Amino acid sequence: MTVPTLIGERPPAAAGRPGLAAQILRRKPIGQLVSEAETGHGGTRLVRSFGVLQLTMISVGATLGTGILVILGESVPLAGPAIWISFAIAGLAALLSAVSYAEMAGLVPAAGSSYSYTYATMGEGMAWICGWCLVLEYAVSVAAVAVGAGQYVNEALAVFGLSLPDAMSQPPGAGGVLNVPAIVIVVLAMVLLVRGAKESAWINTAIVLVKVGILLFFCAVAFTAFNGGHFEPLMPMGAAGVSAAASRVFFSYIGFDAASTAGEEARNPKRDLPRAILLSMLIVTSIYVLVAVAAIGARPWGWFDGTEAALVKILEETTGQPWVGVVFAVGAVLAIASIVLTVLYGQTRILLSMSRDGLVPKVFGRVSARTGTPVAGTLIVGTAVAVTAGLVPLGALADATSIGTLFAFALVNVAVIYLRRTRPELTRSFRVPLFPLTPILGALMCAYLMANLGAETWVVFGAWMLVGLAAYFGYGRKNSRVAALSHEEYRELSSRQPVTTTTQELKAEIS
């Protein structure tokens, strides 16, 4: 019997389709996931061009800056001087999940990230929920970060006595009509991604180095005005305030998740993805805590309430030199641009994987033979995100992103436990330390942070899930390629061992 793959234009089979319960629980074979990563979609696959440096920079680029540059002013009033503890708590939760991501990325180096991991372990139903959460996580986080661009553009213009009117720099509900800088940044990132992933990665690497430099520069200046008395009392809002702030800033840590979406564009994904994920977490958490301590040391926590572009104002007030603020503001806009670029990249790869499985329309899975990128999907996603960034205020976007991120991370921790128990024979290039304690703690930490998000956020999340269920039953269930397999075909595919391209073969192919 010739066993079909899930790639191409194979239509769903009407006969022999599993019932609803069986379809929701049907898992995608790991061997098939790896095979699709090697052969692509419809004969055209993504280009393997990333080494460990580019992968790490994708992760750092998508992560570093969001919580500090954009939502620091909204988070400090929740935690007070203990905001650095909030970052440490969120970083610990992210690290516990990051090691699980590292194991799964080395085991299943596919573009779908946690969506693909969940499909391989918990079945189509949970995979759809995870994928739908990732759509919320990525698209909304891009919009949330882009919203903050207007603040820093105005800080740079202020030195020259200029400013964008609120109507052009703020969304409706925040005193404006349309956030033009946010739209421009998203559109520029979209155009760059359409041109090619390799070019985008090198530009991102350069911007990340600038971003790290300006944050370290801020710390050096802020520590000259350090006042230890600003840390008393440490937790004026109590532990609940620290936890609430940690839940809000957690969306700052989605960068390593974006790196895992590059599994099909890494030259040696089994080796380099785990390294990039863990290295980026170390870099990002260290800088976040350092900047938070420097900021609180320079200004009392009450000063941050309602303050936009807080870091720029600290630099200007500390040095008395407006040009210093301009340099930082320009660097901050570049930093925001790198986050938008890398997270938008991750969103298109998630939808590409879902499209391969028939769960979303085929247009998201089409890869251009000329550029090696999903051009149509990038244009559709970029346009939708640009509109959202221009019209929706920051606070609602940040919290909605956090809850989707936390849910997806919790599922990856469960996936590691499941595969360790059911498929211990699979080759793992990285193994979670202190198993099963680490993934259990990771899942529990995510659940704890979700519980600390507000009721309004849960209502938005519930509404999003209802829309997702409607989309699944209206489109995904009928077009699922895994469900279209007969029982015999499914058993045959499930029994296959994953076979990946060797490092030598990849080097020969690249050369």
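To be clear, the structure that these remarks concern was listed above.
The sections below set out a description of the structure shown in this document.

Rules of the game
Residues numbered from 1 in each chain as written. Predicted model: local features only at pLDDT ≥ 70, side-chain atom pairs only at ≥ 80, totals over all residues. Heavy atoms only, no water. Phe/Tyr/Trp six-rings, centres within 6.5 Å; stacked < 30°, edge-to-face > 60°. Helix = DSSP H or I, 4+ residues; strand = E, 2+ residues; numbered from the N terminus. Buried < 20%, exposed > 50% of the residue type's maximum accessible area, 1.4 Å probe, protein only. Axes fitted to C-alpha atoms, helices over the stretch in contact; angles between N-to-C directions. Parallel < 35°, antiparallel > 145°, perpendicular 65-115°, else oblique. Contact = heavy atoms within 4.5 Å. Nonpolar A, V, L, I, M, F, W, Y, C, P; charged D, E, K, R; others polar.

Moving on, we come to the packing of aromatic side chains. Here the structure, examined in full by the defined rule, presents 15 aromatic pairs. Ring plane angle 40° and centroid distance 5.1 Å describe the contact between Phe87 and Tyr288, whose orientation is recorded as tilted. Here the residue Phe87 occupies a position in helix 6 (residues 83-107), and Tyr288 occupies one in helix 15 (residues 269-298), the gap between them amounting to 201 residues. On the basis of relative accessible area, Tyr288 is assigned to the buried category, the value being 0%. Ring geometry for Phe407 and Phe461: centres 6.0 Å apart, planes at 55°, overall tilted. In this pair, Phe407 sits in helix 19 (residues 394-422) while Phe461 sits in helix 21 (residues 455-479), placing the two residues 54 residues apart along the sequence. Using a relative accessible area of 7% as the deciding quantity, one classes Phe461 as buried. Ring pairs connect the aromatic residues Trp128, Trp132, Trp464, Tyr472 and Phe473, which therefore count as one cluster.

Further remarks concern the packing of helix 11 (residues 180-195) against helix 18 (residues 375-391). Orientation of helix 11 relative to helix 18, taken along the N-to-C sense of each, is 170°, at an axis distance of 8 Å. Between helix 11 and helix 18, the interaxial angle falls into the category roughly antiparallel. Contact with helix 11, carried on its side by Ala182, Ile183, Val186, Val187, Met190, Leu193 and Val194, involves Val375, Thr378, Leu379, Gly382, Thr383, Val385, Ala386, Ala389 and Gly390 of helix 18 and no other residues of that element. Looking at the contact of helix 11 with helix 18, its residues break down into 12 nonpolar, 4 polar and no charged.

On the secondary structure map, Arg349 appears in helix 17 (residues 322-356). Since its relative accessible area comes to 1%, Arg349 is described here as buried. When sequence neighbours within four positions are dropped, the list of residues in contact with Arg349 reads Leu46, Ala111, Ala197, Thr261, Glu265, Thr373 and Pro374.

Of all 9 residues making up helix 7 (residues 114-122), 9 are buried, and the element is well covered by its neighbours. Every buried residue of helix 7 is accounted for by Ser114, Tyr115, Ser116, Tyr117, Thr118, Tyr119, Ala120, Thr121 and Met122. Gly123 lies just past helix 7 and shows a positive phi near 95°.

Put simply, Glu232 and Pro233 share a cis peptide bond, and its omega is -10°. When you line up the elements, Pro233 lands in the loop between helix 12 (197-222) and helix 13 (238-249).

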